[in-house]
Amino acid sequence: MTDITASSFVRQDLVAERPAPIKTTGVIGLLRTRLLNSPTNILLTIVGALLLWFTIIPSVKFLIVDAVWTGNDRAACLPENAGFAVGACWPYIQAKLPQLIYGFYPESERWRVNLALILAAALLLPLLIPRLPAKGLNSTLFFFAFPVVAFFLLHGGGISGFGVSWAAGLGELFDDSIVSAGKILVSLSKTSAIAPLLWVVGNIIVLVGTAIHWLIFPLTWLRDQIQATSQSVWLDFVITTAFVSLIAFFLGGGMRSGGRALAWSIATFVAIAVVIKLMGLDHGGLPIVGTNLWGGLLVTLVVSVTGIVTSLPIGIALALGRRASIPLIRIFSIAFIEFWRGVPLITVLFFATYMLPLFLPGNFSVDGLVRALIGIALFTGAYQAENVRGGLAAIPRGQSEAAAALGLSWWRTTSLIVLPQALRHVIPNLVNSFISLFKDTSLVSIVALFDLLGSLRASFSDPKWSTPSTAFTGFAFAGVIYFLFCFGMSRYSLFVERRLNAHRRN
């Protein structure tokens, strides 16, 4: 039997050194594990590096290294005068920057554009930062008050009346349209094969228009009496305030709980009165600047922001209408969506600009920019409707059933439970449509509206800055502007998506 000692369990020689572990972090780790870990990845890495070399390097060289930064005319950007290969001609951008931002907006009135942009940023940024308070008040100011203030700032002009005058004018316009349509049918009955039917239908329409005329006669009479006074705007304002406040009081619960609604109504009209007085709207307001003088980044922002803000409510309404149980609403929503989705945006802009006035009464006209805004809002709303419908379809049916079991109405179920979840699901699709709309604003140039790209192309005709690199510099500058806005919307949408889907994180 052998003796077992402690030395039998102690190793007498050193263990051989093992190779160091492969580094998997940092630049070297990225190269080993992602870029050069297989023949296919090696080939793709080489191809990608070549693409970057032949695109990024020349772009940086053109925009920065070989660029001309100072000069007063085209001579500074010509190779024979500079003595080297000339890249981007940035003095051209400096000279044309006011035109690229304001278009042909009068220089003495450009402070109005700056003030409108500052107000928009001051109201929008608090909405985008989740931790800031008073979101309800801020939303009301941005979505309802700011558009009116921005209109009178950018367009100018004043008001000659208020609620009573506006309601009477709309009533008269509606009445004139009906009577005109009836008279047209009566005149067509003289040469048509179905003359008796057209004559009967036309006279019935004329009688309906006559009845509407007598129904709105008290309103038009009150409007005429107000206009005959020296303070017609403020008298109309007081009457409108009293009427709307009484309606808010009774709808809010009357003597029981209507005081809050009455206070909000009066406070709103007081704020409107302050704006009217500060902007002098009761005395003609600011000088009128026609939309034919607008251009550049101003038109791009007006068209895109208006389209984004108005298309989402239209899309939500159409998506809910397409799922409605009432056949008339469902058929109308489906027909509306399919019609606008089946027509190119260029056709919509042409129709809104050149054909829409043919369907309006002779004494009623709509500004060209407003017509384009209406067409873009309806067109984009149809696409947003399908995005929202996809989100609604992703909500389990049990959500609505549970809400119904709790006694919630359809409106509360939709607004508090179903719709918030549906919109959260389709944030990428909605923002994708917003980005596409922002870039599609360049199409308005075909209907004589000069957006950023339209103003840029117009600036190329100036012989003072005609150089071989002018066009490339201008398009590079416009591309940077579009990228900044689109990339900003994309990153913010990712932030909102992560914040609203925090409960789904692993």
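Data block above holds the structure.
Residues numbered from 1 in each chain as written. Predicted model: local features only at pLDDT ≥ 70, side-chain atom pairs only at ≥ 80, totals over all residues. Heavy atoms only, no water.

K.L.:
I'd like a rundown of the overall build of the protein chain, residues and numbers included.
P.N.:
Scanning the protein chain for helices and strands turns up 20 helices and two strands. Burial status across the protein chain gives 35% buried among its 506 residues. Looking at the protein chain alone, contacts between residues at least 24 apart form 70% of all its contacts between residues at least 6 apart. Approximately 30,800 Å² of the protein chain is accessible, and the part contributed by carbon and sulfur atoms is 70%. The distance from the centre of the 35 positive side-chain charges to the centre of the 22 negative ones in the protein chain is 8 Å. (Helix = DSSP H or I, 4+ residues; strand = E, 2+ residues; numbered from the N terminus. Buried < 20%, exposed > 50% of the residue type's maximum accessible area, 1.4 Å probe, protein only. Contact = heavy atoms within 4.5 Å. Areas by Shrake-Rupley, 256 points an atom, 1.4 Å probe, with all protein chains shown as cover. Lys, Arg positive; Asp, Glu negative; His and termini not counted. Charge placed at Lys NZ, Arg CZ, Asp CG, Glu CD.)

K.L.:
Just give me the short version of the packing of aromatic side chains, but keep the residues and values in it.
P.N.:
Counting across every chain of the model gives 24 aromatic pairs. Between Tyr 92 and Trp 465 the ring centres are 6.5 Å apart and the planes differ by 55°, which places this aromatic pair in the tilted class. One end of the pair, Tyr 92, is in helix 4 (residues 90-102); the other, Trp 465, is in the loop between helix 19 (452-459) and helix 20 (470-500), and 373 residues separate them in sequence. We note that Tyr 92, like Trp 465, is buried. Ring geometry for Phe 162 and Trp 166: centres 4.9 Å apart, planes at 35°, overall tilted. A relative accessible area of 8% places Phe 162 in the buried class. Feature note: the residues Phe 162, Trp 166, Trp 234, Phe 237 and Phe 269 constitute an aromatic cluster, connected by ring pairs. The ring of Tyr 383 has Arg 341 sitting right over it, with the charged end atom 6.0 Å from the ring centre. (Phe/Tyr/Trp six-rings, centres within 6.5 Å; stacked < 30°, edge-to-face > 60°. Lys NZ or Arg CZ within 6 Å of the ring centre and 35° of its normal.)

K.L.:
Got a sec to walk through helix 7 (residues 163-188)? Specific residues and values, please.
P.N.:
Think of an α-helix as turning once every 3.6 residues; residues three or four places apart then point the same way. With 26 residues, helix 7 should cover 38 Å at 1.5 Å per step; its first-to-last C-alpha distance of 38 Å lies within 8% of that length. For helix 7, every residue scored as buried is listed here: Gly 163, Val 164, Ser 165, Ala 168, Gly 171, Leu 173, Asp 175, Ile 178, Val 179 and Gly 182. (Expected span 1.5 Å × (residues − 1).)

K.L.:
Give a detailed account of the pattern of salt bridges, specifying residues and quantitative values.
P.N.:
With the rule as written, the count across this model stands at 11 salt bridges. The closest approach of N and O atoms between Lys 96 and Asp 462, which form a salt bridge, is 2.7 Å. Pair noted here: Lys 96 is in helix 4 and Asp 462 is in the loop between helix 19 and helix 20, with a separation of 366 residues, a long-range link. By relative accessible area, Lys 96 is classed as buried at 12%. Overlapping salt bridges bring together Arg 322, Glu 338, Arg 341, Glu 386 and Arg 389 as one network. (Salt bridge = Lys/Arg side-chain N within 4 Å of Asp/Glu carboxyl O.)

K.L.:
Outline the packing of helix 16 (residues 397-405) against helix 17 (residues 410-425), listing residues and values.
P.N.:
Across the interface, helix 16 lies against helix 17 with an axial gap of 10 Å and an inter-helix angle of 160°. Taken together, the axes of helix 16 and helix 17 lie roughly antiparallel to each other. Crossing handedness for the pair helix 16 and helix 17: right-handed. Judged by residue contacts, Gln 399, Ser 400 and Ala 403 of helix 16 engage Thr 413, Ile 417, Val 418 and Gln 421 from helix 17. Among the residues forming the contact of helix 16 with helix 17, the class breakdown is three nonpolar, four polar and no charged. (Axes fitted to C-alpha atoms, helices over the stretch in contact; angles between N-to-C directions. Parallel < 35°, antiparallel > 145°, perpendicular 65-115°, else oblique. Left-handed = near helix turned anticlockwise from the far one by under 90°. Nonpolar A, V, L, I, M, F, W, Y, C, P; charged D, E, K, R; others polar.)

K.L.:
Could you give an account of the environment of Gly 171, naming the residues involved and the relevant values?
P.N.:
Summarising the element assignment, Gly 171 is placed in helix 7. In sequence terms Gly 171 and Arg 223 are 52 residues apart; their C-alpha atoms lie 12 Å from each other.

K.L.:
Could you give an account of the packing of helix 7 against helix 10 (residues 232-251), with specific residues and numbers?
P.N.:
As a packed pair, helix 7 and helix 10 sit with axes 7 Å apart at the nearest point and diverge in direction by 85°. Taken together, the axes of helix 7 and helix 10 lie roughly perpendicular to each other. When helix 7 is examined against helix 10, the residues Gly 163, Val 164 and Ser 165 are found in contact with a partner set consisting of Asp 236, Ile 239 and Thr 240. The residue makeup of the contact of helix 7 with helix 10, split by class, is two nonpolar, three polar and one charged.

K.L.:
Report on helix 13 (residues 327-341), specifying residues and quantitative values.
P.N.:
Its 15 residues give helix 13 an end-to-end C-alpha distance of 21 Å, which sits within 8% of 21 Å, the value for a rise of 1.5 Å per residue. All buried positions along helix 13 are accounted for by Ser 333, Phe 336, Ile 337 and Trp 340. Buried residues in helix 13, looked at end-on, bunch into an arc of 95°, giving them a common side. Away from its buried face, by an angle of more than 90 degrees, helix 13 presents the exposed residues Leu 328 and Ile 331. (Arc of directions from axis to C-beta.)

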